[in-house]
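Residue-level structural notes
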Amino acid sequence: MRTIAAGKARRQGNLSEFPRLLGETLCLDFTNTVEARLSEHPQDFLTGPVELARWARHADVIDEADAERIAGEMAADPAGASNEWRRAVALREHAYALLRDIAAGRAPADVRVDALQPFLCASLGRAHLRPGAGRFELTPPDGIAYVADLIVLDLHRLLTSERLGRLRQCPGCGDCGWLFLDTSRNGTRHWCSMEGCGSRAKMRRHYQRMRQN
Ligand SMILES: [Zn+2]
């Protein structure tokens, strides 16, 4: 498994074809593979099994060797790869629906929690318990489900940690909808990024004031 780079380098990601990684944790970056979620024209970047594997390389959770291995496995089993991609997209949408409610301070409906249960059972059931630095780690086995398993394990860590209280959803200009953990000291981060949604909202307020005057 890769050690994930910190800070700005990590936020940019490895590949320019995918959105930046502003969620502060893997499972949120994964939900943010749909851009302009709250708009009428959301853009999905995970359009197939290959894109799913490439995104994992983008997020730096697999290295080049892993990427080649997964590509080989997908080529050998296209139907399996397609099923796994559909499963990953379903995971993403179920995770988004639950996390959006939590970010908005709404009590999540049972149906949202239940929808994630099969994903958690499958990935936790496959994971290996391995000693790490000062603690144990759960790592998924190699295979076509490796990427989705990693995301589920990260989601599990988030849902069962107090970091969940810092979960936010970027309002954008009524369009963004990206999820992120507010890691600011005062808990005042409002936007997925200040230079993106933050500055667009500022400009919009500025023009509205100009029009009113
Ligand atoms: Zn945003």
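See the structure above.
Remember, predicted model here, so these are calculated numbers, not experimental data. Each residue is numbered by its place in its chain's sequence as written, counting from 1. Totals for whole chains, interfaces and linings use every residue, but because this is a predicted model, local features are given only for residues with pLDDT of at least 70 and side-chain atom pairs only at 80 or more, for both listing and counting. As a rule here, side-chain values cover all heavy atoms of the structure and leave hydrogens and water aside.

1. Points about the coordination of the zinc ion
Geometry reference: four tetrahedral donors at a metal, ideal angle 109.5 degrees. Six octahedral donors, ideal angles 90 or 180 degrees. Coordination shells were defined by N, O and S atoms within 2.8 Å of each metal, extended to 3.2 Å for Na, K and Ca; water is absent from the atom set, which can make sites look incomplete. Within the first shell, the zinc ion binds the protein through C170 (SG), C176 (SG), C192 (SG) and C197 (SG), at distances of 2.3 to 2.4 Å. Every angle between 85 and 135 degrees makes a four-donor site tetrahedral, while opposite donors more than 155 degrees apart, with all other angles between 65 and 115, make a four-donor site square planar and a six-donor site octahedral; other sites are irregular. Taken together, the four donor atoms coordinating the zinc ion and their angles of 105 to 116° define a geometry best described as tetrahedral. Written as a sequence motif, the donor residues of the zinc ion are C-x5-C-x15-C-x4-C. Of this pair, C176 sits in the loop between β5 (167-169) and β6 (179-181) while C192 sits in the loop between β6 and α8 (194-212); the two residues are 16 residues apart in sequence, bridging distant segments of the chain. An identical accessibility class is assigned to C176 and C192; each is buried. The helix and strand labels rest on DSSP assignments: H or I over at least four residues marks a helix, E over at least two residues marks a strand, and numbering proceeds from the N terminus. Between buried and exposed lies partly exposed: a residue is buried under 20% and exposed over 50% of the maximum accessible area for its type, with that area taken using a 1.4 Å probe on protein chains only.

2. Details of the nonpolar core
By convention a nonpolar core is built from buried Ala, Val, Leu, Ile, Met, Phe, Trp, Tyr and Cys residues, the set being connected through side-chain atoms within 4.5 Å. With 43 residues, the main nonpolar core has L28, F30, W55, L91, L99 and I151 as its most contacted residues. Counting only elements with at least two residues in this core, the list comes to α2 (26-31), α3 (49-58), α4 (64-76), α5 (78-103), α6 (110-126), α7 (146-159) and β6. Per-element tally for this core: the top contributor is α5, with nine residues. Listed in part, the 10 residues of the second largest apolar core include C170, C192, C197 and A201.

3. Points about α4
Here the expected span of a helix is defined as 1.5 Å times the quantity of residues minus one. For α4, with 13 residues, the first-to-last C-alpha span of 18 Å sits near the 18 Å given by 1.5 Å per residue. What α4 keeps buried is the set D66, A67, I70 and M74. Viewed end-on, α4 has its buried residues packed into an arc of 100°, placing them on one side of the element. For α4, exposure combined with an orientation more than 90 degrees from the buried face picks out A65, E68, A75 and A76. Where the residues of α4 are buried, they touch α3, α5 and α7. Polar contacts, as used here, are pairs of N or O atoms within 3.5 Å; protein pairs need one atom able to donate a hydrogen and one able to accept it. Residues neighboring in sequence count only if both atoms are side-chain atoms. Of the residues that open α4, the one with a side-chain oxygen 3.2 Å from the backbone nitrogen of A65 is D63. In this description, the arc belongs to the directions extending from the helix axis to the C-beta atoms. We call two residues contacting when some pair of their heavy atoms lies within 4.5 Å.

4. Digging into the pairing of strand β4 (residues 136-139)
The sheet contact formed by strand β3 (residues 128-131) and β4 spans four bridges and is antiparallel. Residue P131 lies in a different strand from β4, and its bridge partner there is F136. Whether two strands pair depends on DSSP finding at least two bridges between them.

5. Describing the packing of aromatic side chains
Each pair of aromatic rings taken from Phe, Tyr and Trp, with Trp reduced to its six-membered ring, is defined by centres within 6.5 Å and is described as stacked if the planes are under 30 degrees apart, edge-to-face if over 60, and tilted in the remaining cases. Applying the stated criterion across every chain, the model contains one aromatic pair. For the ring pair F30 and W55, a centre distance of 5.3 Å and an interplane angle of 55° mean the geometry is tilted. Remark: W55 occurs in helix α3 and F30 occurs in helix α2; sequence separation between them is 25 residues. Across the pair, W55 and F30 agree in class, each one buried. The ring of Y96 is capped by R37, whose NZ or CZ atom sits 3.8 Å from the centre of that ring. The rule is short: NZ of Lys or CZ of Arg within 6 Å of the ring centre and within 35 degrees of the ring normal puts a charge over the ring.

6. Quick look at the packing of α5 against α6
To get an axis, a line is fitted to the C-alpha atoms, and for a helix only the part in contact is used. The angle between two axes follows their N-to-C directions and goes from 0 to 180 degrees. Running from N to C, α5 and α6 cross one another at 130°; their axes reach a closest spacing of 9 Å. The orientation of α5 with respect to α6, classified from their angle, is oblique. Like other packed secondary-structure pairs, α5 and α6 cross with a definite hand, here left-handed. Note on element contacts: α6 touches α5 through R112, V113, A115, L116, F119 and R126, opposite R87, A90, L91, H94, A95, A97, L98, R100 and D101. Residues are grouped as follows: nonpolar covers Ala, Val, Leu, Ile, Met, Phe, Trp, Tyr, Cys and Pro; charged covers Asp, Glu, Lys and Arg; every other residue, Gly included, is treated as polar. Residue composition of the contact of α5 with α6, grouped by class: nine nonpolar, one polar and five charged. Working rule for angles: under 35 degrees goes down as roughly parallel, over 145 as roughly antiparallel, 65 to 115 as roughly perpendicular, anything else as oblique. Left-handed describes a crossing whose near helix is turned anticlockwise from the far helix through less than a right angle; right-handed describes the clockwise counterpart.

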